[in-house]
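Summary of the model geometry
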Amino acid sequence: MYKVFSKLYDKFMEFSDYGAWEKQVEELIKEGQPKGKTLLDIGCGTGELLLRMTKNYQCDGMDLSEEMLKIAQRKLKHREVKLFLGDMVEFDTGYKYDIMVSLFDTVNHMVSVEELESHLRNVANSLNDEGVYIFDIVDREFMDTMFPGGLFVDNRKDITCIWEHEIEDGIDYIDATYFLKNSRGSWDKLTESYSKKIFTDAEIEKCSEISGLKIIKKVINDKIAGRRTVYLLKKK
């Protein structure tokens, strides 16, 4: 996933308020009261959040995209951050953490309750006692707002993104087409497909309970990147 998107991810996200994300995470960490400061960013992408979190935490990152991790490695080369290639459904970095985070609706990329349960079991297994997990998800309202008529278009000076959206058997499928201006002044066309699932609060609560995690707090945040729910879980 994101083999193509990695080429333009930072350009696409250039207006994202990473500082606001950092503030939200810091507030929930404070409330969750983990015992230490080791942190794993699941779905770390190109490492923008890690750049900020390394100021106060001993950080690692994990992502399914090798291309994303290569970019993150360049950004973080002067910081002591270990990066792992891994699938969030089934993973083990070989380390335990006090804090784990997964942001930008990464959790929505799992497409079944079984995958969500497996993910949360692996999170619990990788957390130290009293450790916390912070993640966000988007809901149907978010998707309907983002894809009016089944289409999202973002047209900028040197990049155009066209995402076509449909729902089938409860799964959201997105066919993405990107036009990226190259150094010659012409345009490269790139295509990629993604899938997402809208998990209910009841499904998240049940999978958390089964996995040995307790929901401590839920925050509705509509100030950073569209309306989403941010969860704070704690290892029992």
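For the structure itself, consult the block above.
Keep in mind the model is a prediction, meaning the values are calculated, not measured. (Residues numbered from 1 in each chain as written. Predicted model: local features only at pLDDT ≥ 70, side-chain atom pairs only at ≥ 80, totals over all residues. Heavy atoms only, no water.)

Regarding the overall build of the protein chain
For the record, the criterion: Starting at the N terminus, helices and strands are each numbered in turn, a helix being any DSSP run of H or I of at least four residues and a strand any DSSP run of E of at least two. C-alpha atoms define the radius of gyration, and 2.2 Å times the number of residues to the power 0.38 defines the globule rule. Each residue gets one of three labels from its accessible area relative to the maximum for its type: buried under 20%, exposed over 50%, partly exposed in between, using a 1.4 Å probe on protein chains only. For the accessible areas, the method is Shrake-Rupley and the probe is 1.4 Å, while residue cover comes only from the protein chains on display.
Summing up its helical and strand segments, the protein chain has seven helices and 11 strands in all. By the compact-globule yardstick of 18 Å for 236 residues, the protein chain fits well, its C-alpha radius of gyration being 18 Å. Along the first, second and third principal axes, the C-alpha atoms of the protein chain reach 55 × 45 × 30 Å. Burial statistics for the protein chain: of 236 residues in total, 52% are counted as buried. Entry remark: accessible area of the protein chain is about 11700 Å², with carbon and sulfur atoms responsible for 48%.

Some words on the sheet that holds strand S5 (residues 127–137)
The cut-off we apply is this: Each pair of strands is called paired provided DSSP finds at least two bridges between the two strands. To define axes, lines are fitted to C-alpha atoms, for helices over the stretch in contact only, and angles between the resulting N-to-C directions are given on a 0 to 180 degree scale. In what follows, a contact means two residues having at least one pair of non-hydrogen atoms within 4.5 Å.
The seven strands are arranged S3-S2-S1-S4-S5-S11-S10 in an open sheet whose pairing can be described as mixed. Each end of this open sheet is capped by a strand with a single partner; those strands are strand S3 (82–85) and strand S10 (213–221). Sheet twist, expressed as the mean angle between neighbouring strand axes with direction ignored, is 15 degrees. Relative to strand S4 (residues 97–102), strand S1 (residues 38–42) runs parallel, the two sharing three bridges. Looking at the pairing, Asp 41 lines up with Val 101 of S4. Its contacts with the sheet place helix H2 (residues 18–32) against S4, S5, S10 and strand S11 (228–235), and it is angled at close to 35 degrees to S11.

Overview of the nonpolar core
It is characteristic of soluble globular proteins that their nonpolar side chains tend to be buried jointly. Heads up, the rule is: Take the buried residues of types Ala, Val, Leu, Ile, Met, Phe, Trp, Tyr and Cys, join any two whose side-chain atoms come within 4.5 Å, and each joined set is a nonpolar core.
Counting residues in each nonpolar core, the largest one holds 45 residues, and the members touching the most others are Leu 39, Met 53, Ile 134, Trp 163 and Tyr 178. A total of five residues in this core trace back to one element, the largest contributor, which is H2. In this structure, Ile 42, Met 62, Tyr 97 and Leu 127 belong to the second largest nonpolar core, which totals 25 residues.

Regarding the pattern of salt bridges
Quick note on the threshold: A pair is scored as a salt bridge if a Lys or Arg side-chain nitrogen falls within 4 Å of a carboxyl oxygen belonging to Asp or Glu.
What the rule picks out here adds up to 16 salt bridges. Across the pair Lys 196 and Asp 105 runs a salt bridge, and its minimum N-O distance is 2.5 Å. Here the residue Lys 196 occupies a position in strand S9 (residues 187–197), and Asp 105 occupies one in the loop between S4 and helix H5 (113–126), the gap between them amounting to 91 residues. Each member of the pair, Lys 196 as well as Asp 105, carries the same accessibility label: buried. Between Lys 223 and Asp 222 there is a salt bridge; the shortest N-O distance is 3.9 Å.

Comments concerning the pairing of strand S7 (residues 159–168)
Note on strand geometry: in a regular strand, side chains alternate between the two faces of the sheet. When strand S6 (residues 151–155) meets S7, the two strands line up antiparallel, connected through five bridges. Its bridge partner lying in S7, Phe 152 is registered against Trp 163. Taking the residues between adjacent antiparallel strands as the criterion, S6 and S7 are bridged by three residues. Of the strand pairs in this sheet, S7 and strand S8 (residues 171–181) are connected by 10 bridges, and their pairing is antiparallel.

Here we look at the packing of aromatic side chains
Operational definition: When two rings of Phe, Tyr or Trp (its six-membered ring) have centres within 6.5 Å they constitute a pair, described as stacked for plane angles under 30 degrees, edge-to-face for angles over 60, and tilted for the intermediate range. Criterion for a charge above a ring: Lys NZ or Arg CZ within 6 Å of the ring centre, and within 35 degrees of the ring normal.
Evaluation of the coordinates by the stated rule reveals eight aromatic pairs. Ring centres of Trp 163 and Tyr 194 lie 6.2 Å apart, and the angle between their planes is 70 degrees; this geometry places the pair in the edge-to-face category. Residue Trp 163 is found in strand S7, and its partner Tyr 194 is found in strand S9; the two are separated by 31 residues along the sequence. Take Tyr 194: its relative accessible area is 6%, and that puts it in the buried class. Through a chain of ring-to-ring contacts, three or more aromatic side chains come together here, namely Phe 147, Phe 152, Trp 163 and Tyr 194. Positioned above the aromatic ring of Tyr 57 is the side chain of Lys 37, whose terminal nitrogen or guanidinium carbon lies 5.5 Å from the ring centre. Stacked on the ring of Tyr 95, the Lys or Arg Lys 82 has its end atom at 4.5 Å from the ring centre.

Thoughts on the sheet that holds S6
Two strands in a sheet stick together by hydrogen bonds in their backbones, pointing the same way (parallel) or opposite ways (antiparallel). The four strands are arranged S6-S7-S8-S9 in an open sheet whose pairing can be described as antiparallel. The sheet is open, and its two edges are formed by S6 and S9, each paired on a single side. Neighbour to neighbour, the strand axes of the sheet diverge by 15 degrees on average, direction disregarded.

Quick notes on unusual backbone geometry
With phi around 55 degrees, Gln 33 is a residue other than glycine that occupies positive phi space. Looking at where Gln 33 falls in the secondary structure, it is placed in the loop between H2 and S1. At Phe 104, a residue that is not glycine, the phi angle is positive and equals roughly 60 degrees. By the element assignment, Phe 104 lies in the loop between S4 and H5. Here Phe 104 falls in the buried class, since its relative accessible area comes to 19%.

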